[in-house]
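Architecture at a glance
One-letter residues, chain by chain:
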Amino acid sequence: MPATPESGASAGSDSILAFDCGTRLVGVAIGNRLTASARPLATLPMRDGSPDWQQLDRLHASWQPETLVVGLPLRLDGKEQQASRAARQFAAAIGARYGLPVAFEDERDSSREAAQRFAHARAAGARRRSQRAAIDADAAAVILERWLQHSAPLAPQTSPP
C-alpha cells in the first residue's frame with residue numbers, strides 16, 4: 001500500500017510528486033522544496049501505457065503536490081528515444097488530469113543508482129529481497145533529488161491544457 005502523509009508531514013504547497021515511468025511499472029516518489037529531499041513512495045502497475053489511475057488519484061489527493069516531475073529517458077548522446085516519447089505522453093496525461101505543471105529531468109543512470117542504493121540498504125539489513133520492486137520508486141526519488149538540486153527542469157515546464 002502506498003505511503004500517505006503522517007501527522008506533521010508536509011503535504012501540500014511545497015510537495016512534488018516524481019515519476020520513473022516504464023512499460024510495466026511506474027515508480028513514484030515524494031519530495032519537498034523546503035528540505036530539497038525526496039523519498040520513494042510507491043510502485044504502480046502500467047497497463048497499455050496508462051498507470052493505475054485509482055492509486056495515482058489517491059496519492060495525488062493525499063500529498064496535494066504543486067508540481068509533477070517525470071524522468072525523461074535519453075540516449076547516452078542526450079537525444080530522445082522511443083521511451084522519451086512514452087514519458088512525454090505520460091507527462092501530458094498526468095498534467096491534464098491534475099491541472100498541474102509538469103517538469104522533466106534527465107533520468108540517465110537513475111535506475112543504476114537506485115539499484116546501488118537498494119543493494120547498500122540490503123547489506124545493512126534495511127531492505128529485503130522481496131522489496132526489489134521498490135527500485136522503481138527509488139529511481140523516482142533519484143530523479144526528484146536531481147531535479148531539486150538543479151531547481152530547474154531539463155525542459156521547460158509545461159502548463160496543463
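For the structure given in this document, a descriptive report is provided here.

**Concerning the pattern of salt bridges**
In this structure the tally under the stated criterion is 4 salt bridges. In this structure, arginine 33 and glutamate 66 form a salt bridge, with 2.2 Å as the shortest nitrogen-oxygen distance. Highlighted residues: arginine 33 in the loop between strand 2 (25-32) and strand 3 (37-47) and glutamate 66 in the loop between helix 1 (53-63) and strand 5 (67-72), separated in sequence by 33 residues. For arginine 33, a relative accessible area of 36% gives the class partly exposed. Arginine 88 is the salt-bridge partner of glutamate 80, the closest N and O atoms lying 2.7 Å from each other. Since its relative accessible area comes to 34%, glutamate 80 is described here as partly exposed. Judged by relative accessible area, which is 30%, arginine 88 ranks as partly exposed.

**Some thoughts on unusual backbone geometry**
The residue aspartate 48 is not glycine, and still its phi comes out positive at about 55 degrees. If you trace the backbone, aspartate 48 turns up in the loop between strand 3 and strand 4 (50-51). The residue glutamine 64 is not glycine, and still its phi comes out positive at about 45 degrees. Checked against the element boundaries, glutamine 64 lands in the loop between helix 1 and strand 5.

**Structural notes on the nonpolar core**
Core analysis: the biggest nonpolar cluster contains 26 residues, and Phe19, Leu56, Leu59, Leu68, Val70, Phe90 and Ile94 have the highest contact counts within it. Looking at this core, the elements that each hand over two or more residues are strand 1 (15-21), strand 2, strand 3, helix 1, strand 5, helix 2 (82-98) and strand 6 (102-106). It is helix 2 that provides the largest number of residues to this core, a total of 5 residues. With residues up to four places along the chain from it excluded, the contact list for leucine 68 reads Leu17, Phe19, Ile94, Gly95, Tyr98, Leu100, Pro101, Val102 and Ala103. One finds Val69, Ala140, Ile143 and Leu148 within the second-largest nonpolar core, a separate group that totals 12 residues.

Rules of the game
Residues numbered from 1 in each chain as written. Predicted model: local features only at pLDDT ≥ 70, side-chain atom pairs only at ≥ 80, totals over all residues. Heavy atoms only, no water. Salt bridge = Lys/Arg side-chain N within 4 Å of Asp/Glu carboxyl O. Helix = DSSP H or I, 4+ residues; strand = E, 2+ residues; numbered from the N terminus. Buried < 20%, exposed > 50% of the residue type's maximum accessible area, 1.4 Å probe, protein only. Core = buried A, V, L, I, M, F, W, Y, C linked by side-chain atoms within 4.5 Å. Contact = heavy atoms within 4.5 Å.

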